[in-house]
Amino acid sequence: MEKYDVIIIGAGIAGATFGYLMRIKNKKVLIIEKEKIANKEKLCGGLLSQKSYNLFKTIFNIDNDNIPFKNSRKCVIHNGNTTLNLDINTFSIYRKDIDSYVLEEYLKKGGQLIDNSQYEELDLEKNTLKVNSIEYKFDYLIGADGALSRLRKAITGKNANKNFALEIAYDKTPKELLEIYFFDNFKGYGWIIPNQENAMIGIGNVNQETKIKESFNLLLKQIDIDASKNIKGAFLPTGDDIYLNYKNVFFIGDSAGLISPITGEGIYYALISAKILSENLDKNYLSKMNKVIRELKSELFLKKYVYNDKLRNYLFSRYNNSFFIKKAINHFIKKII
Ligand SMILES: Cc1cc2nc3c(=O)[nH]c(=O)nc-3n(C[C@H](O)[C@H](O)[C@H](O)COP(=O)(O)OP(=O)(O)OC[C@H]3O[C@@H](n4cnc5c(N)ncnc54)[C@H](O)[C@@H]3O)c2cc1C
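Presented here is a report on the structure given in the accompanying data block. From a predicted model like this one, the values you see are computed outputs, not experimental measurements.

## Things to note about the overall build of the chain
For step 1, the next point in the chain: Each helix and strand counted, the chain has ten helices and 16 strands in total.
For step 2, the next point in the chain: Taken over the C-alpha trace, the chain has a radius of gyration of 20 Å; the compact-globule value for 337 residues is 20 Å, and the two agree within 12%.
For step 3, the next point in the chain: If you line up the chain on its principal axes, its C-alpha atoms span 70 × 40 × 40 Å.
For step 4, the next point in the chain: Expressed as a percentage of the 337 residues in the chain, the buried residues total 53%.
For step 5, the next point in the chain: A fraction of 67% describes how many contacts in the chain between residues 6 or more apart in sequence connect residues 24 or more apart.
For step 6, the next point in the chain: Accessible surface computed for the chain: about 16,200 Å², of which carbon and sulfur atoms make up 48%.
For step 7, the next point in the chain: If the 50 positive side-chain charges of the chain are averaged to one point and the 39 negative ones to another, these points end up 5 Å apart.

This is the structure:
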């Protein structure tokens, strides 16, 4: 039976980044990916905040700009009839491009991959699993299988909390600016994320039961786009249901529930959890994640203010007349994007 130091479930950005970092440490690594790699698509805006972009470049040791990121230095925030223009530096990329890059780096370092497959049997006493009827042994098993993590459900007995998002790739009029849209009676927000040749237009909500489709139609109408046929939907974690470890099984990225509860930014958390786990696999992943968890908890606390219509409308309407409100909003938005 083939034995691996680490078997990773899921070749998304969290799993492939962790695999890459483990290969640098010369560990024997296998990734098992449900989808066929060539057809694998992840619905995502592909937006990286400055901290996410910096971390990505540090992990992959990139010092030039040979990856096609689009840099946007301005952000427009719409709240009803009020519009704020802020200086915020963000980077966007087609999600498929960044996923392929990361997986390629993992494979170049000698990582192994079985795609188009899922484990059939898992034995956490013997540390074995079976894929395509072949049994593999592991020292560590890593859950990186996304918001609907099968491994997490197998261990905890339940699905993690999740939100829902809708998105379209719109290529008729590429947009230049990152735009955010808030709506009354909707606990979420819409976005336009400019990319190289198109824009990702989407909406995500905080409570699943709120009317996401109606709000998305409102957004599409507001920007004069009729693209109803191309809309796709996907789940993302809520950011309030984090699970990191059971015995020698560790979770990273969406499968751990690591995502900003306010913005839904998840690429940063996929990268940072992969990095921290790679440095602390047999030591103290949980305690090293404390700082990250604290940040997410403070966002969780602030979320109810962001999605309080009355408070938001008041602050936005006073933005241009109050130095303090302007400063506070700018500070807050820069902190979370
Ligand atoms: C519509 C939308 C827009 C978003 N936009 C942004 C954004 O602009 N910026 C940002 O930072 N975040 C964004 N996010 C969040 C971000 O996409 C995720 O947080 C991020 O992809 C998490 O990476 P991951 O590797 O943990 O999970 P994933 O990227 O979901 O990867 C999981 C992998 O596991 C595989 N898998 C699943 N189940 C199994 C199984 N049983 N066996 C084997 N393999 C399996 C999947 O095929 C996939 O390859 C968005 C999310 C959504 C839904």
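Now that the structure has been shown, the text picks up again.
## Considerations on the site of the ligand
For step 1, the next point in the chain: The environment of the ligand is formed by 37 residues, the closest being Glu 33, Gly 45, Arg 95, Gln 118 and Asp 254.
For step 2, the next point in the chain: The separation between a nitrogen atom of the ligand and a polar main-chain atom of Gly 45 is 2.9 Å.
For step 3, the next point in the chain: One of the side-chain nitrogen or oxygen atoms of Arg 95 is found 2.8 Å away from an oxygen atom of the ligand.
For step 4, the next point in the chain: Protein chains shield 93% of the accessible area of the ligand, which is 1,000 Å² for the free molecule.
For step 5, the next point in the chain: Every element with two or more residues in the shell around the ligand is listed here: α1 (13–24), β10 (162–170), β12 (188–194), β14 (232–237) and α6 (267–280).

## Let's talk about helix α8 (residues 290–306)
For step 1, the next point in the chain: Taking 1.5 Å per residue as the helical rise, α8 with its 17 residues ought to reach 24 Å, and the 24 Å between its terminal C-alpha atoms agrees with that figure.
For step 2, the next point in the chain: Remark: the principal bend of α8, roughly 25 degrees, maps to Leu 300.
For step 3, the next point in the chain: Among all positions of α8, only Val 292, Ile 293, Leu 296, Glu 299, Lys 303 and Val 306 are buried.

## Here we look at α6
For step 1, the next point in the chain: Relative to the 20 Å expected for 14 residues at 1.5 Å per residue, α6 spans 20 Å between its end C-alpha atoms, a close match to the ideal helical length.
For step 2, the next point in the chain: Among the 14 residues of α6, twelve are classified as buried, and the element is accordingly described as predominantly covered.
For step 3, the next point in the chain: The set of residues buried in α6 consists of Ile 267, Tyr 268, Tyr 269, Ala 270, Leu 271, Ile 272, Ser 273, Ala 274, Ile 276, Leu 277, Ser 278 and Asn 280.

## Some words on the layout of surface pockets
For step 1, the next point in the chain: Of the pockets and cavities examined, the second largest pocket occupies roughly 320 Å³.
For step 2, the next point in the chain: Along the wall of the second largest pocket there are 17 residues; nearest its centre are Glu 41, Lys 42, Leu 43, Ala 169 and Met 200.
For step 3, the next point in the chain: Listed by contribution, the elements that provide at least two residues to the lining of the second largest pocket are α3 (95–108) and β10.
For step 4, the next point in the chain: With three residues, the single largest contributor to the lining of the second largest pocket is β10.
For step 5, the next point in the chain: Split into classes, the residues belonging to the lining of the second largest pocket amount to seven nonpolar, four polar and six charged.

## Describing the nonpolar core
For step 1, the next point in the chain: Of all hydrophobic cores here, the largest spans 67 residues; its most connected members are Ile 7, Phe 18, Phe 56 and Leu 129.
For step 2, the next point in the chain: Here the element with the most residues in this core is α6; it accounts for nine residues.
For step 3, the next point in the chain: Not counting residues within four places of it along the chain, the set of residues in contact with Phe 56 comprises Leu 48, Ile 62, Ile 67, Phe 69, Ile 98, Tyr 101, Val 102 and Leu 271.
For step 4, the next point in the chain: Counting 24 residues, the second largest nonpolar core, distinct from the first, contains Ile 88, Ile 180, Tyr 319 and Ile 325.

## Some thoughts on the packing of α6 against α8
When two helices pack together, their arrangement is given by the angle between the helix axes and by the axis-to-axis distance.
For step 1, the next point in the chain: Contact pair α6 / α8: the axes reach a minimum separation of 12 Å and the direction vectors enclose 155 degrees. Relative to α8, the element α6 is oriented roughly antiparallel. Here Tyr 269, Ile 272 and Ile 276 of α6 come into contact with α8, specifically with Val 292, Glu 295, Leu 296 and Glu 299.
For step 2, the next point in the chain: Residue composition of the contact of α6 with α8, by class: five nonpolar, no polar and two charged.

## Some remarks on a nonpolar patch on the surface
For step 1, the next point in the chain: Taken together, the side chains of Phe 301, Tyr 305 and Leu 311 present a nonpolar region at the surface, about 280 Å² in accessible area.
For step 2, the next point in the chain: Along the chain, Leu 311 turns up in helix α9 (residues 309–317).

## Focus: the packing of aromatic side chains
For step 1, the next point in the chain: Applying the stated criterion to the full structure yields 20 aromatic pairs.
For step 2, the next point in the chain: On the numbers, 5.2 Å between centres and 55 degrees between planes, the contact of Phe 164 with Phe 235 is tilted. Residue Phe 164 is found in strand β10, and its partner Phe 235 is found in strand β14; the two are separated by 71 residues along the sequence.
For step 3, the next point in the chain: Centre to centre, the rings of Tyr 189 and Trp 191 are 5.6 Å apart; their planes meet at 55 degrees, and the pair counts as tilted.

## A word on the environment of Asn 195
For step 1, the next point in the chain: Relative to the helices and strands, Asn 195 is located in the loop between β12 and β13 (199–205).
For step 2, the next point in the chain: Separated by 149 residues in the primary sequence, Asn 195 and Gly 46 have C-alpha atoms spaced 8.4 Å apart.
For step 3, the next point in the chain: The residues contacting Asn 195, other than those within four sequence positions of it, are Gly 45, Lys 70, Ser 92, Ile 93 and Tyr 94.
For step 4, the next point in the chain: A polar atom in the side chain of Asn 195 sits 3.3 Å from the backbone oxygen of Ile 93.

Basis of the calculations
Residues numbered from 1 in each chain as written. Predicted model: local features only at pLDDT ≥ 70, side-chain atom pairs only at ≥ 80, totals over all residues. Heavy atoms only, no water. Helix = DSSP H or I, 4+ residues; strand = E, 2+ residues; numbered from the N terminus. Rg over C-alpha atoms; globule rule 2.2 N^0.38 Å. Buried < 20%, exposed > 50% of the residue type's maximum accessible area, 1.4 Å probe, protein only. Contact = heavy atoms within 4.5 Å. Areas by Shrake-Rupley, 256 points an atom, 1.4 Å probe, with all protein chains shown as cover. Lys, Arg positive; Asp, Glu negative; His and termini not counted. Charge placed at Lys NZ, Arg CZ, Asp CG, Glu CD. Near = heavy atom within 4 Å. Polar contact = N/O pair within 3.5 Å; in protein donor to acceptor, adjacent residues only side chain to side chain. Expected span 1.5 Å × (residues − 1). Bend = angle between axes of the 7 residues up to and from the residue. 1 Å grid on protein atoms, 1.4 Å probe; cavity = no way out; pocket = protein on both sides within 12 Å on 5 of 7 lines; lining within 4 Å. Points joined across faces, edges and corners; volume = space filled by probe spheres on them. Nonpolar A, V, L, I, M, F, W, Y, C, P; charged D, E, K, R; others polar. Core = buried A, V, L, I, M, F, W, Y, C linked by side-chain atoms within 4.5 Å. Axes fitted to C-alpha atoms, helices over the stretch in contact; angles between N-to-C directions. Parallel < 35°, antiparallel > 145°, perpendicular 65-115°, else oblique. Patch = residues over 30% accessible without salt bridge, like charges linked within 9 Å, V, L, I, M, F, W, Y side chains within 5 Å. Salt bridge = Lys/Arg side-chain N within 4 Å of Asp/Glu carboxyl O. Phe/Tyr/Trp six-rings, centres within 6.5 Å; stacked < 30°, edge-to-face > 60°.

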